[in-house]
Structure formats: C-alpha cells, structure tokens
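Structural overview for review
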Amino acid sequence: MQYLLENIHRIYSPSVTHPHRIDLLAGDALLMAEGRIAAIGTAGELARAPGITRVSAEGGIVTPGFVDSHQHPLFGAHRHEEFEQRNQGSSYREIAAAGGGIRASVRSLRTATSEQLKTGLRKRWRECLDCGTTTFEGKSGYGLNLEQELRSLRLLGEVAAEEGFTVVRTLLAAHDVPDEYRERREDYISLIIEEILPAARQEGLADCTDIFCEEGVFSVEESRRILTASLDLGIPVRLHADQLSASGGARLAAELGALSADHLEQIDSAGIEALQKAGVIALLLPGSTCFLRMQQYAPARELIAAGCVTALATNLNPGSGMFVSLPLIMHLACLQLQLTSSEALWAATMGGARVLQLADRKGALTVGYDADLLVWDVREPAEIPYQPNIRPQQVWLSGRQVIRR
Ligand SMILES: [Zn+2]
C-alpha cells in the first residue's frame, strides 16, 4: 500500500550525520510505500503518484517514531513495595542486600508462565507505542540461568513478531549473580562464558550483550572477561556503567569499543574523555536517576561539550523506573540534564538508533528509511518535552497507521 500523509505543518528529522541536530525538511507531505519513506515534498507533486491513499496530518508536525534503546520490559511482577521503602529512606543497595532488587525479579520471572510474561510484555509495549515508541530494545537479565535467559530472549522475539515491532535483543545474563551461585560466583561467570553466551549465539537470540558493571555486582575485571567472550563470538557489547559509583565502567566501555555506556551518573572526567575518544555513545537514563532518588544526574552537558554523542531511553523495568513514555524522559532530560529540546529529540530517535545499530533505517525521516513516524498536534518540536503526558495523534509503523486519535 502507498499512503500520502498530507496537510503537515512541518516535517522535522534528526540529522543522520550531525549528532544532536534537528533539521526542518522542505515540504508538507510524505509518501510511504512498501513500509518505507518513498518521498518527501509537496502534496501537489506527490499526489500525482497513482493508487495512493491520502491521509491528513490535520496541520500537525511530523517526527520519526522514538527508538527506545534501553529497556528491561520482560518481568514477572511489580516491585512497588521497594518504591515505598525507598521513599521512606531505604537505599537501592540496602533493599538489594535484603533479598529485594534484581533477585526479587529473578524469583518472579522464573515462576511465571511464558503466557503470563508475554501478556505483561505486550501490555507494556503497547503503552510505549501509545506514547510514540516504534523501535524497542529488550534485555533478558531476570532469568540468570541458561534456560531462563534463553526463554526471556525468545519471548521478547515472539511478542515483537506478533505485534509487528522491531526489537533488538540483549543478553544480560550478567545482571547479577543469582542466589544459588552466591558462594561460588566464579562458577556463574564460567556458566555465562561457556554455556549461556554460546547457546544464545547458536540460536541467534542475542544481538548484543550487556552487563551490570558496578561495585558489588560485576567488577571491571569480571566485566572485561565476560564482554571479551561475547566479542570473541561476534556479539557486540554494552555496559551499565558508573551508575552507583565511579567504578571504571565507562573506561572499560571505551577499551572494548562498546556500542554504548549506559547510566553514567557517577562518570569522572577520565571516563568522559575515554568515551569521546572511542566514539562510545553515552546513553542517559534520567528517569531512573529520579526514580532512585539519586542526587546526582549524569553530566550530560559535560559529555556533549567533550564531543560525546548521547542517546536517551526509558530504562523501563520494575525496580528503577516504570517509564513507558519517551516524551516524559525528554522532559526530565531537559529539566535535569539541561538538554535542549532538539538534543533530547535527537537522542531519543537517532541516538537510540545508533546504539541499536539501526541508524541506516530508523531514527530519521529520510527516503528509504522505515516509515515509522508520528504526527503531533503541536506547532514545533519543543512542545513535545514541554508536555510530559503528550501522546502523538497518529502513529505509523512500517508504513501502516496503527494509532489515530
Ligand atoms: Zn538497565
């Protein structure tokens, strides 16, 4: 099918080549064919193509769909009790030490049926779509054994295929050491390196490997071993880095040529310099900083001033942020990271696409790119992060209109 989206006030595209820049494109209409953007121009020119269906944007602006490049969306149960405990003064580390945190999610995921997990995932991803997310990343990391990690990756793929979503799947077996390996963590690291990674590779389930590199979780040395094993299998890597302490995660990300270093609340100047030199994307998750009631946000202005490229994501997960809306995350990024609205929009679209290695077809409005686009009832992009509860008027997914309000 060919659709002509017309009556567009303005078309804004993140620059493919210039980080953090939003370009205003010439034209008031956009032609979609075979799921891709076929042409951008004036309705007068583009309406001449035969057999097109015309759809009005009703004077709204058009942007690409959001690319949410950091999510833990598959889990068995909410952790609202921890939210209450933290608000009463407990820290994330204290809750984890008492058996809560990731270990609580491991217990609930392992006992949930696949149908239960898929139902929850489908609901959350539809909420994300409702807020304009059209491309997803999904991590495992609540299974923490061979069978459950692979099951998690399979379920992410199944729901994405059923819903028509693009998902990049990330193996996060190194999210924590499971209870049964507490006294023999070296055996768990061997299990990841010798069994889980090769099995995920063989089944084609992992596009990427991630790790929680943090004091008390996986050290820099352990992270180096696990991620090097992933790279040896041809699976690219990312890191949860410098979130709770300046543990050297960003420098390790640079050393390994990671796709991204995520969180970075505690990154130091050596870490910033290393990311810039290595071209590792600084992936910022201000929702979680807020949700965990941390005082220090990632130094986004220093990162950008140093020449780093940034991405923004929700970090949707039951323990440090039930966020489905990238407009809300952009709102927080403007308030707490001092990003401009253009920087925030770029980071939530093209920034995410770069992290997920999809920048040649997602995250911008360019002829040949996937027709994942949003129509907004506003006059300019700055109105999107300004209104954290905003929803797009129309969502187009691979050239199909899937939401119209
Ligand atoms: Zn995360």
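If you're wondering where the values come from, they're calculated on a predicted model, not measured in any experiment.

1. What about the pattern of salt bridges?
Following the criterion strictly, the structure yields 34 salt bridges and no others. When the shortest N-O distance is used, the salt bridge between Arg54 and Glu6 registers 2.9 Å. In this pair, Arg54 sits in strand S6 (residues 53-56) while Glu6 sits in strand S1 (residues 2-6), placing the two residues 48 residues apart along the sequence. One salt bridge in this structure joins Glu163 and Arg126, with 2.8 Å as the shortest N-O distance. You can see Glu163 sitting in helix H6 (residues 146-163) and its partner Arg126 sitting in helix H5 (residues 114-130), a full 37 residues away along the chain. On the accessibility criterion, Glu163 (17% relative accessible area) is buried. Using a relative accessible area of 46% as the deciding quantity, one classes Arg126 as partly exposed. Through salt bridges with shared partners, a single network forms among Lys118, Arg122, Arg126, Glu158, Glu162 and Glu163.

2. Some remarks on H6
A rise of 1.5 Å per residue sets the reference length of H6, with its 18 residues, at 26 Å; its end C-alpha atoms lie 26 Å apart and thus fit the reference within 8%. The set of residues buried in H6 consists of Gln148, Glu149, Leu150, Arg151, Ser152, Leu153, Leu155, Leu156, Gly157, Val159, Ala160 and Glu163. The N-cap of H6, judged by a side-chain oxygen 3.3 Å from the amide nitrogen of Glu147 a few residues on, is Asn145. Residue Gly164 follows H6 closely and has a positive phi angle near 80°.

3. Notes on the sheet that holds strand S13 (residues 260-263)
Two pairing modes exist for strands in a sheet, parallel and antiparallel, and in both the strands are linked by backbone hydrogen bonds. Taking strand neighbours across the sheet as the criterion, the four strands line up as S12-S13-S14-S15 in an open arrangement whose pairing is parallel. The strands lining the two open edges of the sheet, one partner per strand, are strand S12 (239-241) and strand S15 (310-312). Strand-to-strand, the axes of this sheet are offset by a mean angle of 30°, without reference to chain direction. With three bridges connecting them, strand S14 (residues 281-284) and S15 associate as parallel partners. Note that in S15 the partner of Leu284 across the bridge is Leu312. Together, S12 and S13 form the strand contacts of helix H9 (residues 249-256), whose direction differs from that of S12 by roughly 150°. On top of the sheet, helix H14 (residues 341-355) reaches S13, S14 and S15; it is set at about 100° to S15, its chief contact.

4. A closer look at the confidence of the model for the chain
A low pLDDT score tells you not to read the predicted coordinates there in detail. In this model, the chain carries an average pLDDT of 97, and 100% of its residues clear a pLDDT of 70 or more. Considering each helix and strand of the chain separately, the mean pLDDT is smallest for helix H3 (residues 92-97), with a value of 84, and largest for strand S8 (residues 66-68), with 99.

5. Points about the sheet that holds S8
Ordered by their spatial adjacency, four strands build an open sheet running S8-S9-S10-S11, and the pairing between neighbours is parallel. In this open sheet, the two strands that pair with only one neighbour each are S8 and strand S11 (208-211). This sheet shows a mean twist of 25° between the axes of neighbouring strands, independent of strand direction. As defined by bridge partners, strand S10 (residues 166-174) adjoins S11 across three bridges and the pair is classed as parallel. Within the sheet, the bridge partner assigned to Leu171 lies in S11 and is Thr209. In the packing of helix H7 (residues 185-202) onto the sheet, contacts are made with S10 and S11, and the angle to S10 comes to roughly 155°.

6. Things to note about the domain arrangement of the chain
When the domains of the chain are assigned, the result is domain 1 (2-64 + 364-404) and domain 2 (66-355). If you average the C-alpha positions of domain 1 and of domain 2, the two centres end up 30 Å apart. Each side of the interface is counted separately: domain 1 has 30 residues, and domain 2 has 28 residues. When domain 1 packs against domain 2, close to 2200 Å² is buried across both sides, 70% of that on carbon and sulfur atoms. Our enumeration of links across domain 1 and domain 2 arrives at one salt bridge. Close ionic contact of Asp130 with Arg391 constitutes a salt bridge, the shortest N to O distance being 3.2 Å.

7. Some words on the pairing of strand S9 (residues 133-139)
Burial analysis of S9 places seven of its seven residues in the buried class, which makes it a mostly covered element. Bridge count for S8 against S9 is three bridges, and the pairing is parallel. Directly across from Phe66, in S9, lies its bridge partner Thr133. As paired elements, S9 and S10 share five bridges and run parallel to each other. Among the inter-strand pairings, Glu137 is bridged to a residue of S10, identified as Val168.

Conventions used here
- Residues numbered from 1 in each chain as written.
- Predicted model: local features only at pLDDT ≥ 70, side-chain atom pairs only at ≥ 80, totals over all residues.
- Heavy atoms only, no water.
- Salt bridge = Lys/Arg side-chain N within 4 Å of Asp/Glu carboxyl O.
- Helix = DSSP H or I, 4+ residues; strand = E, 2+ residues; numbered from the N terminus.
- Buried < 20%, exposed > 50% of the residue type's maximum accessible area, 1.4 Å probe, protein only.
- Expected span 1.5 Å × (residues − 1).
- Polar contact = N/O pair within 3.5 Å; in protein donor to acceptor, adjacent residues only side chain to side chain.
- Pairing = 2+ DSSP bridges.
- Axes fitted to C-alpha atoms, helices over the stretch in contact; angles between N-to-C directions.
- Contact = heavy atoms within 4.5 Å.
- pLDDT = per-residue confidence, 0-100.
- Domains from an automatic or database assignment.
- Buried area = accessible area lost by both parts, 1.4 Å probe.

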